[in-house]
Amino acid sequence: MRDDEIRESYFKYFNEEKLPFIQCKNCGHRFYYPRAFCPKCGSSDVEVRFSKGQGKIFAMTKIYRKDGSYVVYGIVELDEGFRMYSNIVEGNQADIAKRVEVIFKEINGKKYPLFKVA
Amino acid sequence: MIVGFAGKLYKNYEKDGIELLKEAIDEALEMAGLNYADIDGIMANIGRGSFHGNKTYLNPPVQISEYFGIKPKIIDHVQYGGPSVLSMIYRAYKAINAGDAETILCIQGGKISHLRDNHFQKTDIIDSPFDDYIKIYEQMSPISDYAMVAYRHSKLFGTTDEQRARVAVMQRYSASYNPKALFRNPITVKDVLQSRIVSYPLHLLEIVYPIDGFHVFVVSKRRGKSVLRNIDILAYGEAHWPNPPAEWDDIIYTPAIESAKRASFDLNRVDTFQLYDSFTITVMLQMEDIGLVEKGKVGQFVESHDLTFKGDVPINTGGGSLNTGQPAYMSGGVILEEALLQLNDMADGHQVKGADVVFLNGIGWWSRRHSVTLVLGERK
Ligand SMILES: [Zn+2]
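In this text, all values refer to a predicted model and were calculated from it rather than measured experimentally.

Listed as protein donors to the zinc ion are Cys24 of chain A (SG), Cys27 of chain A (SG), Cys38 of chain A (SG) and Cys41 of chain A (SG); their distances from the metal cover 2.3 to 2.4 Å. Geometry at the zinc ion is tetrahedral, judged from its 4 donor atoms and the angles of 102 to 116 degrees they form at the metal.

Another aspect to go through is the sheet that holds strand E8 (residues 232–240) of chain B. The pairing of strands in a sheet happens through backbone hydrogen bonds and is either parallel or antiparallel. Residues and elements named next belong to chain B. Taking strand neighbours across the sheet as the criterion, the 4 strands line up as E8-E12-E11-E9 in an open arrangement whose pairing is mixed. Sheet topology places E8 and strand E9 (272–275) at the edges, where each strand pairs with a single neighbour. Pairs of neighbouring strands in the sheet enclose a mean axial angle of 10 degrees, with direction left out of account. In terms of strand pairing, E9 meets strand E11 (residues 357–364) through 4 bridges, oriented parallel. The residue bridging Leu275 from the neighbouring strand is Asn361, located in E11. Helix H10 (residues 280–289) contacts E9 and E11 of the sheet and is inclined by roughly 120 degrees relative to E11. Of the strands in this sheet, E9, E11 and strand E12 (370–377) touch helix H13 (residues 332–343), which is tilted by about 175 degrees from E11.

Turning to the packing of aromatic side chains, a few remarks are in order. According to the stated counting rule, one finds 29 aromatic pairs over all chains in the structure shown. One aromatic cluster in this structure is built from Tyr10, Phe11, Phe14, Phe21, Tyr32, Tyr33, Tyr73, Phe82, Tyr85 and Tyr112 of chain A together with Phe130 and Tyr133 of chain B. Over the face of the ring belonging to Phe58 of chain A we find Arg83 of chain A, whose NZ or CZ atom lies 3.8 Å from the ring centre. Here Lys110 of chain A stacks its cationic end above the ring of Phe11 of chain A, 4.3 Å away from the centre of that ring.

The next point concerns the packing of helix H1 (residues 17–32) of chain B against helix H2 (residues 60–68) of chain B. Residue and element names in this part refer to chain B. Contact geometry for H1 and H2: axes closest at 12 Å, N-to-C directions at 80 degrees. One element, H1, and the other, H2, form an angle in the roughly perpendicular class. Residues Ile18, Leu21, Lys22 and Ile25 of H1 form the contact with H2, whose own contacting residues are Ile64, Tyr67 and Phe68. Per-class residue counts for the contact of H1 with H2 are 6 nonpolar, no polar and 1 charged.

Moving on: empty space enclosed by the protein. Residue and element names in this part refer to chain B. As enumerated under the stated definition, the model contains 1 cavity of 30 Å³ or more in all. Contributing to the lining of the largest cavity are 16 residues, with Asn178, Thr324, Val334, Glu337 and Glu338 lying nearest its centre. Examining the composition of the lining of the largest cavity, we find that 5 residues originate from one element, H13, more than from any other. Grouping the constituent residues of the lining of the largest cavity by class yields 4 nonpolar, 9 polar and 3 charged.

Considering only enclosed or pocket space, the second largest pocket measures out at about 470 Å³ in volume. Together, 19 residues line the second largest pocket, and Lys40 of chain A together with Asn243, Glu247, Trp248 and Asp249 of chain B are the ones closest to its centre. Classifying every residue of the lining of the second largest pocket gives 9 nonpolar, 3 polar and 7 charged.

Moving on, we get to the environment of Asp26 of chain B. All names here are of chain B. You can see Asp26 is positioned in helix H1. Judged by its relative accessible area of 31%, Asp26 is partly exposed. Spatially, the C-alpha atom of Asp26 lies 9.7 Å from that of Phe5, the residues being 21 residues apart in sequence. There is a polar contact of 2.6 Å between the side chain of Asp26 and the side chain of Tyr36.

Turning our eyes to something else, we now look at the interface of chain A and chain B. Taken together, the contact between chain A and chain B spans 33 residues of the former and 31 residues of the latter. A combined buried area of about 3000 Å² lies between chain A and chain B, and 60% of that area is made up of carbon and sulfur atoms. Counting the surface chain A buries against chain B, the share from its top three residues, Tyr33, Tyr73 and Tyr85 of chain A, is 21%. A salt bridge links Glu247 of chain B to Arg35 of chain A; the nearest nitrogen and oxygen atoms lie 2.9 Å apart. Counting every contact that joins chain A to chain B gives 17 residue pairs in polar contact (both at pLDDT 80 or more). Elements with a minimum of two residues in the side of chain A that touches chain B: helix H1 (3–15), strand E4 (54–64), strand E5 (70–78), strand E6 (83–89) and strand E8 (110–117) of chain A. Looking at which element gives the most residues to the side of chain A that touches chain B, the answer is E4 of chain A, with 7 residues. Here the residues of the side of chain A that touches chain B are counted per class, giving 22 nonpolar, 4 polar and 7 charged.

Residue and element names in this part refer to chain A. Position of Glu77 relative to the elements: it lies in strand E5. Within the local environment of Glu77, its side chain forms a polar contact with the side chain of Arg83, the two groups lying 2.8 Å apart. Excluding anything up to four places from it in sequence, Glu77 contacts Gly55, Lys56, Phe58, Phe82 and Arg83.

Attention now goes to the confidence of the model for chain B. Looking at chain B, pLDDT values average 96 and 98% of them are 70 or higher. Scored by ipTM, the complex comes to 0.96, with pTM at 0.97.

Rules used throughout
- Residues numbered from 1 in each chain as written.
- Chains lettered and ligands numbered in written order.
- Predicted model: local features only at pLDDT ≥ 70, side-chain atom pairs only at ≥ 80, totals over all residues.
- Heavy atoms only, no water.
- Donors = N, O, S within 2.8 Å, 3.2 Å for Na, K, Ca; no water.
- Tetrahedral: all angles 85-135°; square planar, octahedral: opposite > 155°, others 65-115°.
- Pairing = 2+ DSSP bridges.
- Helix = DSSP H or I, 4+ residues; strand = E, 2+ residues; numbered from the N terminus.
- Axes fitted to C-alpha atoms, helices over the stretch in contact; angles between N-to-C directions.
- Contact = heavy atoms within 4.5 Å.
- Phe/Tyr/Trp six-rings, centres within 6.5 Å; stacked < 30°, edge-to-face > 60°.
- Lys NZ or Arg CZ within 6 Å of the ring centre and 35° of its normal.
- Parallel < 35°, antiparallel > 145°, perpendicular 65-115°, else oblique.
- Nonpolar A, V, L, I, M, F, W, Y, C, P; charged D, E, K, R; others polar.
- 1 Å grid on protein atoms, 1.4 Å probe; cavity = no way out; pocket = protein on both sides within 12 Å on 5 of 7 lines; lining within 4 Å.
- Points joined across faces, edges and corners; volume = space filled by probe spheres on them.
- Buried < 20%, exposed > 50% of the residue type's maximum accessible area, 1.4 Å probe, protein only.
- Polar contact = N/O pair within 3.5 Å; in protein donor to acceptor, adjacent residues only side chain to side chain.
- Buried area = accessible area lost by both parts, 1.4 Å probe.
- Salt bridge = Lys/Arg side-chain N within 4 Å of Asp/Glu carboxyl O.
- pLDDT = per-residue confidence, 0-100.

This is the structure we're talking about:
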């Protein structure tokens, strides 16, 4: 796959409420941030697969706004083994190691994956 | 071979960035007793939006040379954030030893108050090829990134808010003796904990304040009228972990683990440490990663040691950039200037007695992907 195809495909899948990741067919390495080749072994033989959208919070913070409200930003580790940054909704139950599941929300007119505490 | 240096720091500098840079170059050359005509090498790392209004130079050492009429034999644009200037010093020493140039300016900083105050950061420069998949989320990099590390560190090791606050308090104590510090009134652990939480668990008093400022270091084989000690590079190492930290084995480690190992310097020989201090947690991560304390034990360490310039383990002896402000979002110049002040017995009011060896570590980029370890002292 070409780089532009792979990057664009992510936005298409988000729109269909699917969470993509990439698996290297050469070494088996799984990663989220879209690349046309594997960052572990350099192979171009990679394929887009789909996550079940289940995982747990690896790291998180609550970013406070001036009015005292906050948003949770964190790193989620999916059960397939890859990690990604995202916002986590239902914030006050969020904590490291808590189970989460993917949801899709519109940001700037496009759908993106977020997570909510399971 | 560092024969002159200067740091010009302002909360709000009124004229353009290029004029602020000239102030810093003039002062550094004055200390060295050298002239613009002597400069035959230039290395730089400049904050974006820094020169004429919010204009960014594509290759700062080239455009600075053009503006000042410098005709360099070598040019180097080192751009991996805060620790870049530490690498420039190393490269300048190597170039001069190899005979590639005689007098090299190493520059870091910028005028960014207009960006700080208006949050005007819109630019076609990207920080990561994956910005489209990361920066769309509500986040506050780099603050939220370090906050995640601080929280994970407490979850795994029991590190407390009070322990982190102690770092801020001890650095502020040193700053109260530093005439160049922006923040000098003493603070307590309670003050830190009562300051606003910006990104949990980090409080406002644990975070640097971005300012306008340039640091210039003159590396030369010509002594001019310089009275500085003949400082050498005793050890050096750099390490780069370019992947997004989400893809690292764990975010509680930094590449300082590898840069310090590459420098491989006996810490018992160190008189003072200057560790990058964008946040309290940054200092603590480096204390662990350079080998001063075992991973996870830094909380207890800061409770049982005095990190002030008067203390048993003097760290960031001028108060660090947490108290001088952070020039153009990069603290490397602040820790390097402080190292040179200490080594030359010029640390007005906050001198560590017998400071002959200074260990510096810089951490760079919005997510700690780069680390540079530099040990300075006289080679005996
Ligand atoms: Zn592979």
